[in-house]
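# Descriptive analysis of the structure
The residues making up each chain are set out below.
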Amino acid sequence: MARKTTPPFRADHVGSMLRPEKLKQARRRQESGEIPKEALRELENEEIKRIVEKQKEIGLQSVTDGEFRRAYWHFDFLENLTGVQGYESGGGIQFKEKQTKSHSIRIIGDLDFSGHPMIDDYKFLHSIAGDHMPKMTIPSPSMLHFRGKIAYGRYQADEDLFFHDLGKAYKKAIAAFYDAGCRYLQLDDTAWAYLCSDEQKEQLKARGVNPGHLEKLYARTINEAVSGRPDDLTVTIHICRGNFRSTWIASGGYEPVAETLFNGLNIDGFFLEYDSDRAGGFEPLRHVQRKDLQIVLGLVTSKFGELENADDVKRRIDEASKYVPLEQLCLSPQCGFASTEEGNLLTEEEQWAKLSHVVKIAGEVWG
């Protein structure tokens, strides 16, 4: 099978990487005023260059900056949209046995995209990517609604206006990244996994939220955000069930949202978690009808360092190919290695071994 020249690639990855200890310490020192922002950014640049070269060395075709400039996979982007404010919430997000730091976001004004620090972050990645594909990761628009508090009267009174403005803001963001050179953009989204979980849907209903209504709103908003994008821009969605310090939140297969995801969203590919039985089987992939839709199977876990048996991974790829042709499948870890700056419970050496394992298996499956 011919080597893929457009993303997602046969061996791909979600994006975030374990932060080195010296970078964590420098961030704390900058926050306390011991060093200037410029010194922190210089160190970030050095460490990003290092991990980009490592990604190239192990054979990945796409490279990311590891999200090294972020504390969170989502809040850092969202709170820099016009009309959004980050704040200390008095309690973090509860995972199984662990809780994130106290931080959240709220919508306090008209939503818009009017410049963003991550545009420059992407430009730096682009400048060092060379002949590899630089990949930008940002939270899906769904996440502003799912994790944000609407504290603005106009949007409290008019849900349709909120989602209309959200879609427009994201459309501007996507255009800005494209103008900066981005041709591979990933939208990270945990909301769809919650809509697969009976437990989480019951919690939504207890708050007076209709899960089916959310599904329609989120699909409509994502489609508005990506509408009219250039043909040479690949947009994928990564669906996550929670990834903080190697723990998780949601369980449940993709069946409840499969038809909407695979036939209702106008995107180019999905990164799907399949590293544990919490994700269910491959049967929901029968809803994939588009021959141009790429499915990236997250069969290698980023939560722990032990390497999966390669033959087991190949067997599962073969099982998935009963529902989606092999040429439409790819392989990756199920998530990044550090959705927040704290990172998962494995070493950096184990992280690179995982990614090398993905590259090796993909080479043996697809050639």
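About the thresholds
Residues numbered from 1 in each chain as written. Predicted model: local features only at pLDDT ≥ 70, side-chain atom pairs only at ≥ 80, totals over all residues. Heavy atoms only, no water. Helix = DSSP H or I, 4+ residues; strand = E, 2+ residues; numbered from the N terminus. Rg over C-alpha atoms; globule rule 2.2 N^0.38 Å. Buried < 20%, exposed > 50% of the residue type's maximum accessible area, 1.4 Å probe, protein only. Contact = heavy atoms within 4.5 Å. Lys, Arg positive; Asp, Glu negative; His and termini not counted. Charge placed at Lys NZ, Arg CZ, Asp CG, Glu CD. Axes fitted to C-alpha atoms, helices over the stretch in contact; angles between N-to-C directions. Parallel < 35°, antiparallel > 145°, perpendicular 65-115°, else oblique. Left-handed = near helix turned anticlockwise from the far one by under 90°. Pairing = 2+ DSSP bridges. 1 Å grid on protein atoms, 1.4 Å probe; cavity = no way out; pocket = protein on both sides within 12 Å on 5 of 7 lines; lining within 4 Å. Points joined across faces, edges and corners; volume = space filled by probe spheres on them.

Identification of the chain as Methionine synthase vitamin-B12 independent from Heyndrickxia coagulans is taken from an unreviewed UniProt entry.

Looking now at the overall build of the chain. Counting its regular elements, the chain contains 13 helices and eleven strands. Relative to the globule expectation of 21 Å for 367 residues, the C-alpha radius of gyration of the chain, 19 Å, shows essentially globular dimensions. For the C-alpha atoms alone, the extent of the chain along its principal axes is close to 55 × 50 × 45 Å. Counting every position in the chain, which comprises 367 residues, the buried fraction comes to 59%. In the chain, 80% of the contacts between residues at least 6 apart in sequence involve partners at least 24 apart. The centroid of the 49 positive side-chain charges in the chain is displaced by 1 Å from the centroid of its 57 negative side-chain charges.

Packing of helix H12 (residues 310-320) against helix H13 (residues 348-366) brings their axes to within 11 Å, and their N-to-C directions diverge by 55°. With respect to their mutual orientation, H12 and H13 come out oblique. Of the two elements, H12 crosses H13, and the hand of that crossing is right-handed. Only His357, Ile361, Glu364, Val365 and Trp366 of H13 make contact with H12, whose side of the interface consists of Ala310, Val313, Lys314 and Ile317.

For the rest of this paragraph, the subject is the packing of helix H7 (residues 159-179) against helix H10 (residues 211-226). Two elements in contact, H7 and H10, have axes whose closest approach is 7 Å; the angle formed by their N-to-C orientations is 35°. Viewed along their axes, H7 and H10 form a crossing whose handedness is right-handed. On the side of H7, the interface is formed by Glu159, Asp160, Phe163, Leu166, Gly167, Lys168, Tyr170, Lys171 and Ile174, while H10 contributes His213, Leu217, Tyr218, Arg220, Thr221, Glu224, Ala225 and Val226.

Where strand S2 (residues 82-87) and strand S3 (residues 104-112) come together, five bridges link them in antiparallel fashion. The residue bridging valine 84 from the neighbouring strand is isoleucine 107, located in S3. Of the pairings in the sheet, the one linking S3 to strand S6 (residues 148-150) comprises three bridges and is parallel in character. Looking across to S6, one finds that isoleucine 105 is bridged to glycine 148.

Once that is clear, we can look at helix H4 (residues 117-128). Met118, Ile119, Asp121, Tyr122, Phe124, Leu125 and Ile128 are the residues of H4 that are buried. In this fold, the buried residues of H4 make contact with helix H2 (37-57), strand S1 (62-63), helix H3 (75-78), strand S4 (133-134), strand S5 (136-139) and H7. Looking one or two residues past H4, glycine 130 carries a phi angle of roughly 65°, positive in sign.

What follows covers empty space enclosed by the protein. With the rule as written, the count across this model stands at four cavities of 30 Å³ or more. If you add up the space inside the second largest cavity, you get close to 100 Å³. Residue lining of the second largest cavity: Val14, Ser16, Glu67, Trp73, Asp188, Asp189, Thr190, His238, Cys240, Cys335, Gly336 and Ser339, and that is the complete set.

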